[in-house]
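Tertiary structure, described
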Amino acid sequence: MANLKVNFAGVEFKNPLVLASAAPSWDGEGMRIAGLAGIGGVVPKTIGPIQDWAAHPRNGRFQIIRHGGKPIGMVNLELFTTKTREAWIKEDLAVAKEGGAVIQASILAMPNPDDTAVLVDEIQATGMVDVLELNVSCPMPAQGVGMHIGKSPELTFKQAKAAKSAAKIPLTVKLTPTVFDMVEVAMAVKEAGAEGVTISNSIRSFAGVDIETGKPLLRAYGGYSGPAIKPIVMRHLSEVARKVDLPISAIGGVMSFKEIVEYIMLGATTVQTATAIMWNGYGIIGKWLKDLEEWMDLKGYQSLDEIRGIALPYITTTEELAKLPPMFANIDEDKCTNCGICQKVCMYRAISSNGNVCRVSKSDCDGCGACVQWCPSGSAALA
Ligand SMILES: Cc1cc2nc3c(=O)[nH]c(=O)nc-3n(C[C@H](O)[C@H](O)[C@H](O)COP(=O)(O)O)c2cc1C
């Protein structure tokens, strides 16, 4: 029987699934519920000072982004915790602890790193916290905190160093995906002595315009989360995993056990989730863990250590790929239903139909593989 245990920076999680810092962890009770549902770890809403601009309730804070009626992502303007530091310290962390999950406390990197160190000290002094997660990555603030720190390796270094000076338990730093090169920021985190990185926060974004009224759907820039951001997270995750020797907690668009596996295959140790819980409730935690266990048993894996990073050695550059022999599409005439989709999506006009089946002209085929992606009968293949 597969063992789901993982070790992140010296801390044992009973499984790799972690409730990310977001609305489902806005108080101790949300995290207690997730813990009782079997989750490995929980991250509270980012703890920091109460600020006027982060006050709740606010006037509209989510926009679900749909494509063809299906939700593909979500923009939120939620910002940090609405609870006081005192409430977290006196009450909510203890309630969260009753759920039995590892507590990875999210701490806001304050404009002055000395204040960050004080906050770290106060939160860990509760004795309720197992790991600290320094937030240098919130995409909403106009200036001073969040991604304005996290986009700079130098500022991130100062904050991580300050947090480390006070930390007696492992520290991970939650990075922003709104950078070109996350590797240099992750290297600064390592140099500062932190024990892990969390990849990553939501992406600074704009929700859209109501074309009937001409007005924005949300009137400020927010954080984009959910399935649409997964390829962006996977880019950063794999780049950091290949170059920086630190355990990684990956987040973004997990919607089933499969994404947990994918992220671990790209080097993650734990995998966090927020939007999926907001869309489906805490009940999916148990289902995903069961699915993960069953998948591992089916594949004969005893431990997640066996699959960590296994996809990384295959990642190369487009320049290297260009040196490989060209490939061409081929259509299996026995399977082809002559639906015409491949002709429509072939921008090289390499596919034609004889009235019964589709055929590829090898001299026109670019080898792009679009027909393979769209073919509903599985008759197109590249070779
Ligand atoms: C409503 C909402 C609130 C969030 N609040 C925080 C927060 O307080 N601190 C933080 O570090 N990340 C916060 N996040 C970001 C999530 O932790 C996570 O990084 C992001 O949503 C991507 O994961 P997902 O696609 O599973 O939601 C928030 C996300 C959402 C959707």
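Cut-offs used in this document
- For every chain, the first residue of the written sequence is number 1, and numbering continues from 1 onward in sequence order.
- Local features in this predicted model are restricted to residues whose pLDDT is 70 or higher, and side-chain atom pairs enter the listing and the counts only when it is 80 or higher, whereas totals over whole chains, interfaces and linings include all residues.
- Note that the side-chain values use all heavy atoms of the structure and ignore hydrogens as well as water.
- UniProt positions are given in the numbering used here, feature names are shortened, and annotations may be inferred rather than shown by experiment.
- In the sections that follow, a salt bridge refers to a side-chain nitrogen of Lys or Arg positioned within 4 Å of a carboxyl oxygen of Asp or Glu.
- Summary of the burial criterion: residues with accessible area below 20% of their type's maximum are buried, those above 50% are exposed, and those between are partly exposed, where the area comes from a 1.4 Å probe applied to protein chains only.
- In this scheme, strands are said to pair when DSSP sees at least two bridges between them.
- What counts as a helix is a DSSP run of H or I of at least four residues, what counts as a strand is a run of E of at least two, and both are numbered from the N terminus.
- The convention used is that axes are lines fitted to C-alpha atoms, helices contributing only their stretch in contact, and that angles between N-to-C directions extend from 0 to 180 degrees.
- Here a residue counts as near a molecule or strand whenever at least one of its heavy atoms sits within 4 Å of it.
- Identification of polar contacts relies on pairs of N or O atoms within 3.5 Å, with a donor-acceptor requirement for protein atoms, meaning one able to donate a hydrogen and the other able to accept it, and with residues adjacent in sequence counted only if both atoms are side-chain atoms.
- We call two directions roughly parallel when the angle between them is under 35 degrees, roughly antiparallel when it is over 145, roughly perpendicular when it lies between 65 and 115, and oblique otherwise.
- Two helices that cross are described as forming a left-handed crossing if the nearer one is turned anticlockwise from the farther one by less than a right angle, and a right-handed crossing if clockwise.
- Note on contacts: a residue pair is in contact if any heavy atoms of the two residues lie within 4.5 Å.
- Lys, Arg, Asp and Glu make up the charged group, whereas Ala, Val, Leu, Ile, Met, Phe, Trp, Tyr, Cys and Pro make up the nonpolar group; the residues left over, Gly among them, are polar.
- Multiplying 1.5 Å by the residue count of a helix minus one yields the expected span of that helix.
- To get the bend at any residue, fit one axis to the seven residues that end at it and another to the seven that begin at it, then take the angle between the two axes.

- Going by an unreviewed UniProt entry, the chain carries the name Dihydroorotate dehydrogenase B (NAD(+)), catalytic subunit and comes from Desulfotruncus arcticus DSM 17038.
- Per its UniProt entry, the chain bears the Pathway (unreviewed entry) comment "Pyrimidine metabolism; UMP biosynthesis via de novo pathway; orotate from (S)-dihydroorotate (NAD(+) route): step 1/1."
- Under Subunit (unreviewed entry), UniProt gives the following word-for-word description of the chain: "Heterotetramer of 2 PreA and 2 PreT subunits."

1. A few points about the pattern of salt bridges
- The final tally for this structure, using the stated rule, is 16 salt bridges.
- In this structure, Lys5 and Glu12 form a salt bridge, with 3.9 Å as the shortest nitrogen-oxygen distance.
- Residue classification places Glu12 among the partly exposed residues on the basis of a relative accessible area of 49%.
- Here Glu262 and Lys230 are joined by a salt bridge, their closest N and O atoms 2.8 Å apart.

2. Some remarks on the sheet that holds strand β5 (residues 62–67)
- Taken together, the 4 strands give an open sheet; going across it, the order is β5-β6-β14-β11, and neighbouring strands pair in antiparallel fashion. The outermost strands of the open sheet, each flanked by one partner alone, are β5 and β11 (203–205). Averaged over neighbouring strand pairs, the angle between their axes works out to 40° when direction is ignored.
- Two strands pair when backbone bridges link them, and β11 and strand β14 (residues 222–225) are joined in this way by 3 bridges, in the antiparallel orientation. Among the inter-strand pairings, Ile203 is bridged to a residue of β14, identified as Tyr224.

3. A look at the site of the ligand
- The local shell around the ligand holds 26 residues, among which Ser21, Thr46, Lys174, Gly253 and Thr275 are the closest.
- Separating an oxygen atom of the ligand from a side-chain N or O atom of Asn135 is a distance of 3.3 Å.
- In this structure, Asn201 approaches the ligand through a side-chain N or O atom, which is 3.4 Å from an oxygen atom.
- Of all the secondary structure elements, the ones that give two or more residues to the shell around the ligand are β6 (70–76) and α9 (275–280).

4. Describing the packing of helix α6 (residues 182–191) against helix α7 (residues 230–243)
- Running from N to C, α6 and α7 cross one another at 50°; their axes reach a closest spacing of 9 Å. In terms of axis orientation, α6 runs oblique to α7. Considering only the axes of α6 and α7, their crossing is right-handed. Of the residues in α7, those in contact with Met182, Val183, Ala186 and Met187 of α6 are His236, Glu239, Val240 and Lys243.
- Tallied by class, the residues present in the contact of α6 with α7 amount to 5 nonpolar, 1 polar and 2 charged.

5. A short note on helix α2 (residues 85–97)
- When the terminal C-alpha atoms of α2 are compared, their 17 Å separation across 13 residues agrees well with the 18 Å that a helix rising 1.5 Å per residue should span.
- The largest bend in α2 is about 40°, located at Glu91.
- Turning to α2, its buried residues are Arg85, Ala87, Trp88, Asp92, Leu93 and Ala96.
- Packing partners of the buried residues in α2 comprise α1 (28–36), β7 (102–108) and α3 (113–124).

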